Amino acid sequence: MSLRLRLAVAGAVAILLALGLTALGLSALFGAHVERRALAEMGVQLDQVLAGLEMRPEGVALVRPPADPRFAQPYAGLYWQIEGPWGVERSRSLWDAALDLPPDTVGDGGVHVHRLPGPGEQRLLVLERSVTLPERLGRGSARAAVAMDDAELDAARRAFLADLLPSLGVLALALTAAGWAQLWVGLRPLSGLGARVAALRAGTTDRMGADWPREVRPVATEIDALLTAREAETERARARAADLAHGLKTPLQALMGEADRLRGSGAISQAEAIEDTARAMRRTVDRELARARTAARTADARADPAQVAERLIAVLRRTPDGARLDWRQTIPPGLAVALHEADLAEALGAITENAARHARGGVTLSARTEGDRLFLSVTDDGPGIPAARREALLRRHARADESGTGLGLSIASDIAAASGGALSLSDAAPGLTATLILPRARIRGG
């Protein structure tokens, strides 16, 4: 799961939880408010009950009951009851039931709130007050209570939630969308970071740069520092390899001179053994030099294949193998590959020399482009190489014969691979076509 999706899901869950808790809290607050309003209204009704008491010949009676018509409808959900020395009097809405007030004691004028069972399995909210009757009512104490069905309060709470939830749903969608937009904007530099790293890998840029948000800039800075350190280390390794190779060339030349001396003195087998050893060492030195040169390909490396091919043909025409051949060069001018000119000359020279060595009548150098790749081909009309041997020739230390054929191909393959390309071999009917597949250089200033 992507980081953006993880954060989006976590944000959506947090929003839903927060709004769910908000709904519960608002419902509780609304329920408390509704209950306070109901108790305030019941307090007024309780005052009306006490104010309506009068002394009659038969005793104290409620002659002016509260005006709410529900008090007169059986089980209507609103009830009153008063207990005194004369007995119990209750609203018509209680019918044959009574409020079972708990035997608690409150001071004069004190108020208690109860939740009691009522008629018809109703759950009642009860407001009770104890009073001392005045002299006109015969003194003594009385307990008066007004009750209402708690289902009305529950219905009000449910209606409030029904009105609230759609609004909270719209708010949840809006907050989630805002969260997605925030993530898209906030994490956009990370996508740019990945694209810049890909550009580094492709060689279209050489540094991350400093144009990053403050939170991402340390990562880009560390990558640039790592690249700088790597380039410095690679350059030192190239220099050490070059120094080592050049240091070995003089002893190798001395060995070849010693071989010539032995051959002149008649020790031909000893001379050949020394020459074979020296040539093997020379091949290794040349190979390591080629690898050292291509180890640190820079983003601005470029070379013109047409110019390199012209110079190579001019040199090979002066060799015994090249002088007897018909050379054709059809590479369009102006092309550029992402490779140093010396490296391209090394790779193209290796396969061109191999073609000159085996060609019967001519060698052709050509090129074509496909997207961001350039296919640089060298075709000869020689005997070719069996298909079963071609892959082995591109591996390290491989040779097709004792003359060293194939070493140049493996070196060319290494150079092409180091640049992000490859070397392929195919039949030319007759002969062999060796094709360097190389990345094209990016446009300068692009």
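Parameters at a glance
Residues numbered from 1 in each chain as written. Predicted model: local features only at pLDDT ≥ 70, side-chain atom pairs only at ≥ 80, totals over all residues. Heavy atoms only, no water. Phe/Tyr/Trp six-rings, centres within 6.5 Å; stacked < 30°, edge-to-face > 60°. Helix = DSSP H or I, 4+ residues; strand = E, 2+ residues; numbered from the N terminus. Buried < 20%, exposed > 50% of the residue type's maximum accessible area, 1.4 Å probe, protein only. Lys NZ or Arg CZ within 6 Å of the ring centre and 35° of its normal. Salt bridge = Lys/Arg side-chain N within 4 Å of Asp/Glu carboxyl O. Expected span 1.5 Å × (residues − 1). Bend = angle between axes of the 7 residues up to and from the residue. Polar contact = N/O pair within 3.5 Å; in protein donor to acceptor, adjacent residues only side chain to side chain. Contact = heavy atoms within 4.5 Å. Pairing = 2+ DSSP bridges. Axes fitted to C-alpha atoms, helices over the stretch in contact; angles between N-to-C directions. Parallel < 35°, antiparallel > 145°, perpendicular 65-115°, else oblique. Left-handed = near helix turned anticlockwise from the far one by under 90°. Nonpolar A, V, L, I, M, F, W, Y, C, P; charged D, E, K, R; others polar. Patch = residues over 30% accessible without salt bridge, like charges linked within 9 Å, V, L, I, M, F, W, Y side chains within 5 Å. Areas by Shrake-Rupley, 256 points an atom, 1.4 Å probe, with all protein chains shown as cover. Core = buried A, V, L, I, M, F, W, Y, C linked by side-chain atoms within 4.5 Å.

*Asks:* Can you help me understand the packing of aromatic side chains in this one?
*Replies:* The geometry of an aromatic ring pair comes down to the distance between the two centres and the angle between the two planes. Applying the stated rule across the entire model yields one aromatic pair. Measuring from centroid to centroid gives 4.2 Å for Phe30 and Phe160, while their planes differ by 5°, and the two rings are stacked. Of this pair, Phe30 sits in helix H1 (residues 3-51) while Phe160 is found in helix H2 (residues 150-202), placing the two residues 130 residues apart along the sequence. Judged by its relative accessible area of 23%, Phe160 falls in the partly exposed class. Arg368 extends its terminal NZ or CZ atom over the ring of Phe375, reaching a point 4.2 Å from the ring centre.

*Asks:* Mind showing me how you'd approach the pattern of salt bridges here?
*Replies:* Opposite charge on two side chains allows them to pair when their charged atoms are near. For the structure on display, the rule yields 11 salt bridges. In this structure, Arg129 engages Asp47 in a salt bridge whose closest nitrogen and oxygen atoms are separated by 2.5 Å. Taken as a pair, Arg129 in strand E6 (residues 123-132) and Asp47 in helix H1 lie far apart in primary sequence, 82 residues in all. One salt bridge connects Arg143 with Glu128, and the closest N-O pair in it is separated by 2.7 Å. Placement of Arg143 in strand E7 (residues 141-149) and of Glu128 in strand E6 is noted, with a sequence separation of 15 residues between them.

*Asks:* What should I look at first to understand H2 in this one?
*Replies:* For the α-helix, the turn length of 3.6 residues means that residues three or four positions removed from each other point alike. Compared with the 78 Å implied by 1.5 Å per residue over 53 residues, the 74 Å span of H2 between its first and last C-alpha is a close match. Considering bend angle alone, the principal kink of H2 is centred on Leu187 and spans about 40°; proline Pro189 follows within four residues of it. Within H2, the full set of buried residues consists of Asp150, Leu153, Arg157, Leu164, Leu168, Ala172, Leu183, Leu187, Pro189, Leu193, Ala199 and Leu200. The distance from a side-chain oxygen at the start of H2 to the backbone nitrogen of Ala151 is 3.1 Å, and the residue carrying that oxygen is Asp149.

*Asks:* What is the right way to look at the environment of Ser366 in this model?
*Replies:* Among the structural elements, Ser366 can be located in strand E9 (residues 362-370). Spatially, the C-alpha atoms of Ser366 and Arg328 are 8.4 Å apart, while their sequence positions differ by 38 residues. Apart from the residues within four sequence positions on either side, Ser366 is in contact with Thr330, Ile331, Phe375, Leu376 and Ser377.

*Asks:* Which parts of the structure should I look at to understand the sheet that holds E9?
*Replies:* Strand pairs in the sheet, formed through backbone hydrogen bonds, run parallel or antiparallel to each other. Here five strands make up an open sheet; going across it, the order is E8-E9-E10-E12-E11 and the pairing mixed. Either end of the sheet is taken by a strand with one partner, and the two such strands are strand E8 (326-329) and strand E11 (422-427). Pairs of neighbouring strands in the sheet enclose a mean axial angle of 20°, with direction left out of account. Sheet topology places E9 next to strand E10 (residues 373-380); eight bridges connect them, and they run antiparallel. Counterpart to Thr364 in the pairing with E10 is Thr379.

*Asks:* How should I be thinking about the packing of helix H5 (residues 305-316) against helix H7 (residues 341-358) in this particular structure?
*Replies:* Each pair of packed helices can be summarised by the angle the axes make with each other and by the distance between the axes. With their axes 10 Å apart at the nearest point, H5 and H7 run at an angle of 50° to one another. Looking at the two axes, H5 sits oblique to H7. By crossing handedness, the relation of H5 to H7 is classed as right-handed. Across from Pro305, Val308, Ala309, Arg311, Leu312 and Leu316 in H5, the residues of H7 making contact are Glu341, Leu344, Ala345, Leu348, Gly349, Thr352 and Glu353. Per-class residue counts for the contact of H5 with H7 are eight nonpolar, two polar and three charged.

*Asks:* Got a minute to help me understand a nonpolar patch on the surface in this structure?
*Replies:* A contiguous nonpolar patch, built from Leu5, Val9, Val13, Leu17 and Trp180 and spanning about 440 Å² of accessible area, is present on the exposed surface. Tracing the chain through its elements places Trp180 in helix H2.

*Asks:* Got a minute to help me understand the nonpolar core in this structure?
*Replies:* For soluble globular proteins, the rule of thumb is that nonpolar side chains tend to be buried together. Judged by nonpolar contacts, the single largest core of 39 residues is most densely connected at Leu348, Ile351, Leu365 and Leu436. Taken together, the elements giving at least two residues each to this core come down to H5, H7, E9, E10, helix H9 (407-418), E11 and strand E12 (432-439). Broken down by element, the residue count for this core peaks at seven residues, all from H7. Once residues within four sequence positions are removed from consideration, Leu365 is found in contact with Ala309, Ile313, Trp327, Arg328, Gln329, Thr330, Ile331, Leu348, Thr352, Ser377 and Val378.

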